[in-house]
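# Chain and residue survey
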Amino acid sequence: MSSEMIESTEFLRCGRRLASFGGGSGVQRALLGRAPAYAPDRAFESLHVFLDLDVDMKKRSVSGVCETTVRARRSGVRRLDFDAVDLRVSSVEIDGRPARFRHKDGVLSVFMPRELSESAETRVGVRYRVTDPEAGLHFVREPEQMWSQSQPQDARRWFPCQDAPHAKVTSEIRARVPSGMRAVSNGVLAEHAAAGRREVWHWKMDRPHSIYLITLVVGRFSEIVEDWDGIPVVYYCEKGREDDARRGFAKTAKALKFFSEKTGVRYPYPRYAQVAVAEYPGGMEHTTCTTQTDACLIDRRAALDHDLDLLVAHELAHQWFGDLVTCQEWPHAWLNEGFATYFEVLFQEHDKGRDEADYELLVNARLYLDEDARRYKRPIVCRTYMDPWTIFDRHLYEKGAWVLHMLKRELGDELWWKAVGHYLRKHRDSSVQTQDLVRAIEEATGRNLQSFFDQWVYRAGHPVLRARLSYDAKTRKLSLWLMQTQPVDDARPAFRFALALRAVGRGWSKDLTAEVTEKEHRFSWTLPGEPLDVEVDPDFVLLKSLTLHKPGPMWERQLSGGSSAVVRALAAPQVARWGGERSIRLLADAASRERFWGAAVEMVRALATIPGETADAALDRLLKTARHPRVLRAVVSEVARRARPGAQTRLAPLARRHPALGVQAEALRGLAALGGREGAALAQKALKIPSYRDALASSAVSGLAASRDPQVLPRLKAAALAPSPYGARAAAWRALAEYAARDSSLVPWMCERVQDPDERLTLSAVAALGATEDERALPTLERLAKKAANPRVRVYAEEAAARVKADGKKAGL
């Protein structure tokens, strides 16, 4: 992906909240400084939901009946309360007879004609209509589509329900849609029939699943049916994109086999479908029928340096972790998202090898560490939040995955998979809290890991380490000084963990372990001889921030001969820190020889931090010799960033055309950023060229913005608005935040246009307003934070407002 494509991945990962705001105490208070949230009381439980709906695409509305079968959990139940927000309820029936109801403040109260006794069942039918809601259902104009997105609690915005993850039901949807359209939902297709100018699609799901996982998608889709071990594997896509769907979803069957075999729990449902739709913010693991962004429809050229295998694996993993076994309440949502994120890594290792998996872990660690340092710190299990969606963040996903990675190392492979299988079998079709996982591990392995969970899940933070290695040739002693520099006191004791080291000499290697229990330690070991290198955490199994000091020759050896690609990659910035021609030669040679693209990219970036003509020349050589598109893309980015004379000449051929879309897009961005007539002309032309995920248009906008030319501002404002494609519009909003400091009229202009029918663009615009740090944006941001119906918009606006209040400036100063 180009830099623009990388920046927009916040809408490609299972709905997680990824806006890159600044942090601080203001953001912490705004998003997490709330009263603890707990699951609601339940006088009754829902057993079955039947939605019998008419879909009017022109009026952007859905109408019909939601019939819920409920069972009383205790005697004396006289009122049934359902969540129902912005629904127009016209009538309610109980077991077919009219019933009294009250609909107020987002709650539909249904009054029973007589008390329900304990375990008594009844059917509640609600006739209602919903038109163009701000959340829950979304209508797309082009291509004409409709889709639902209920996580975490937006099901209430398109049908009345008990909108909490612990509420598990069987379900069915009968949808009447315009002729030629297909309605797709959970489970299996029970009926498809023509009814005049309408078509009826009736889907049934006979296994219990959480209400937020109920889905309805409508569009003119092609259906592609494959098979894995007797289970239909189905892809739905816009007509004419069938080859792109096969390309994007190609790893589905392989992942089904891997997850089924490794967990010991075969894929638990009768079919697995993926529906690619427009304007969808990532992916959503609706049971048996995942909804995916249409970015999964990957054309042949984009596939040269891009795939969404991680997203495909993530959503599939949710069918076990999130669907079959579901978090009981949102503070424990890491049991859904942490597992799915870690299973991305596990599948990556199975599919592409350890280097790919390790690099994904490195990326995940950096994302979490950045959020912990710049936004806020919180325990993974956290009850204080503005909205449940607030905590769908880097702590929940990436840190959650790392905790499971460390847990797997703690147990060993055999016991890890035994525990995972036991956890799934014991809790299948039910909901869980974190302690259920702790108990399942103990039952399966005999290991009581409560202290592990107390440290890594129920407590905020991670070890922040400073370390120094030294060797005494006379005594043959290797010494390690280690200090935890994060706050350590009675309330926040030092982290306890085993730190692995690997000493490598001429013809020998030795694995060592430092048992860390205190703030500061000094360890020593006798070695067979002088080590050529000592790797700290060589297998990359400890979540940490590490500042390591060791002799220069050891860093050189790690760069060129480290035991894994990620170990070699981590040596690159250390070598670059020395500066000078030797560092340049070492990094350039290592990048040229490196077999794994991710490590080579890290080496290129490190090389580019060294100033001077010698480093420029090394990058020029790599520009000619780099073969992997992702490595070449990194070189292009750095050549453009350094902006030395002649850079335009070197980048122009790549910006005009390259087989890999990501390389061309990055070269185009860089050339436009450097200024000049050719860059501006190519960027202007690229704004009108269709490409996968608008890569060329978005790179053109980003490059023009980076040129810092005041004359491009009118083009940026035009690019931020329709009919510009989504990618260009999102890039333009990011750019406008930077230009706002130079043009005092820009913030009011942005405030007037902040809301868009495409939620992703509203979120981009809100983030841009926050990035201006201009107090004139506050009324708009505070209005959205308070009144927006869409919870994602509210959370973005609350965080953006907190940033402005912390760092904002008075208009005109």
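Everything numeric in this text was worked out from a predicted model, so none of it was measured.

This part takes up the pairing of strand S1 (residues 44-56). Sheet analysis places S1 next to strand S2 (residues 61-72), joined by 12 bridges and oriented antiparallel. From the neighbouring strand, Asp54 faces S2, where its bridge partner is Ser63. The hairpin turn running from S1 into S2, its antiparallel successor, is four residues long, and Arg60 in that turn takes a positive phi close to 55 degrees. One ladder, built from seven bridges, connects S1 with strand S11 (residues 168-178); its direction is parallel. Of the residues in S11, the one forming a bridge with Phe50 is Glu172.

Right, let's get into the sheet that holds strand S3 (residues 77-83). Strand order across the open sheet formed by three strands is S3-S7-S6, with antiparallel pairing between neighbours. With one partner strand each, in any of the chains shown, S3 and strand S6 (101-104) form the two edges of the open sheet. In this sheet, adjacent strand axes meet at a mean angle of 20 degrees when their direction is disregarded.

So, on to the packing of aromatic side chains. In this structure the tally under the stated criterion is 33 aromatic pairs. Measuring from ring centre to ring centre gives 5.7 Å for Phe258 and Phe259, while their planes differ by 55 degrees; the resulting arrangement is tilted. There is no split in this pair, since Phe258 and Phe259 are both buried. Over the ring of Trp555 we find Lys550; its NZ or CZ atom is 4.5 Å from the centre of that ring.

On to the nonpolar core, then. In terms of nonpolar packing, the biggest core is built from 283 residues, with Phe159 and Trp334 touching the most fellow members. Leave out the neighbours within four places in its chain, and Phe159 touches Val49, Leu51, Cys66, Asp83, Leu87, Tyr128, Ile211 and Ile214.

Where burial is concerned, most of helix H5 (residues 309-317) is hidden: nine out of the nine residues are buried. Looking at H5, one finds that the buried residues are Asp309, Leu310, Leu311, Val312, Ala313, His314, Glu315, Leu316 and Ala317.

Right, let's get into the environment of Arg174. With respect to the helices, strands and loops of the structure, Arg174 is situated in strand S11. If near-sequence neighbours (up to four positions away) are discounted, Arg174 is found in contact with Phe50, Leu51, Asp52, Leu53, Glu191, Val200, Trp201 and His202.

A word on the pattern of salt bridges. By the definition in use, this model includes 69 salt bridges. Taking the shortest distance from any N to any O, the salt bridge between Arg375 and Glu799 comes out at 2.6 Å. Of this pair, Arg375 sits in the loop between helix H7 (354-374) and helix H8 (395-411) while Glu799 sits in helix H27 (residues 791-807); the two residues are 424 residues apart in sequence, bridging distant segments of the chain. Arg644 is paired through a salt bridge with Asp616; the nearest N and O atoms lie 3.9 Å apart. Taken together, the residues span a long stretch of sequence, with Arg644 in the loop between helix H17 (629-642) and helix H18 (647-656) and Asp616 in helix H16 (residues 613-625) at a distance of 28 residues. Within the structure, one salt-bridge network assembled from shared partners comprises Lys251, Lys254, Asp307, Asp309, Asp351 and Lys352.

The first and last C-alpha atoms of H8 sit 22 Å apart over 17 residues, in line with the 24 Å expected at 1.5 Å per residue. Where H8 ends, the next residue or the one after it, Gly412, has phi of about 85 degrees, a positive value.

When pLDDT is averaged across the protein, the result is 95; 96% of the residues are at 70 or more. Scored below 50 in pLDDT, residues 1-9 shows 25 contacts in the model against residues more than four places distant or in partner chains. Predicted confidence is poor over residues 809-813, with pLDDT under 50, and the contacts of this stretch with residues over four places away or in other chains come to seven contacts.

All right, on to the environment of Gln450 then. Take Gln450: it is sitting in helix H11 (residues 450-456). According to the relative accessible area criterion, Gln450 is partly exposed, its value standing at 24%. Residues Gln450 and Gln435, 15 residues apart in the sequence, show an inter-C-alpha distance of 8.6 Å.

Quick look at the sheet that holds strand S9 (residues 136-140) now. Across the sheet, which stays open at both edges, the four strands sit in the order S9-S10-S15-S12 with antiparallel pairing between neighbours. Both edges of this open sheet fall to S9 and strand S12 (182-185), since each of them pairs with a single strand only. Geometrically, the sheet is characterised by an average inter-axis angle of 20 degrees between neighbouring strands, direction not taken into account. With two bridges joining them, strand S10 (residues 145-149) and strand S15 (residues 216-219) adopt antiparallel strand pairing. By the bridge assignment, Met146 is partnered in S15 with Val218.

A word on the pairing of strand S16 (residues 221-228). Where S16 meets strand S17 (residues 231-238), eight bridges bridge the pair, whose relative direction is antiparallel. Bridged to Val225 within S17 is Val234. Count of turn residues in the S16/S17 antiparallel hairpin: two residues, of which Asp229 carries a positive phi of about 50 degrees.

This part covers the side chain of Ser431. Structurally, the position occupied by Ser431 is in strand S22 (residues 430-432). For Ser431, a relative accessible area of 19% puts it in the buried group. Discounting residues that sit within four places of it in the chain, Ser431 has contacts with His166, Thr326, Cys327 and Gln328.

Helix-helix packing: each pair is described by the crossing angle between the helix axes and the interaxial distance. Between helix H12 (residues 552-561) and helix H13 (residues 565-578), the least distance of the axes is 7 Å, while the angle of their chain directions is 135 degrees. By the angle between their axes, H12 is oblique relative to H13. Seen from above, H12 lies across H13 with left-handed handedness. Two secondary-structure elements touch here, H12 through Gly552, Trp555, Glu556, Gln558, Leu559 and Ser560 and H13 through Val567, Arg568, Leu570, Ala571, Ala572, Gln574, Val575 and Trp578. The class makeup of the residues in the contact of H12 with H13 is eight nonpolar, four polar and two charged.

Reading the values: the criteria
- Residues numbered from 1 in each chain as written.
- Predicted model: local features only at pLDDT ≥ 70, side-chain atom pairs only at ≥ 80, totals over all residues.
- Heavy atoms only, no water.
- Pairing = 2+ DSSP bridges.
- Helix = DSSP H or I, 4+ residues; strand = E, 2+ residues; numbered from the N terminus.
- Axes fitted to C-alpha atoms, helices over the stretch in contact; angles between N-to-C directions.
- Phe/Tyr/Trp six-rings, centres within 6.5 Å; stacked < 30°, edge-to-face > 60°.
- Buried < 20%, exposed > 50% of the residue type's maximum accessible area, 1.4 Å probe, protein only.
- Lys NZ or Arg CZ within 6 Å of the ring centre and 35° of its normal.
- Core = buried A, V, L, I, M, F, W, Y, C linked by side-chain atoms within 4.5 Å.
- Contact = heavy atoms within 4.5 Å.
- Salt bridge = Lys/Arg side-chain N within 4 Å of Asp/Glu carboxyl O.
- Expected span 1.5 Å × (residues − 1).
- pLDDT = per-residue confidence, 0-100.
- Parallel < 35°, antiparallel > 145°, perpendicular 65-115°, else oblique.
- Left-handed = near helix turned anticlockwise from the far one by under 90°.
- Nonpolar A, V, L, I, M, F, W, Y, C, P; charged D, E, K, R; others polar.

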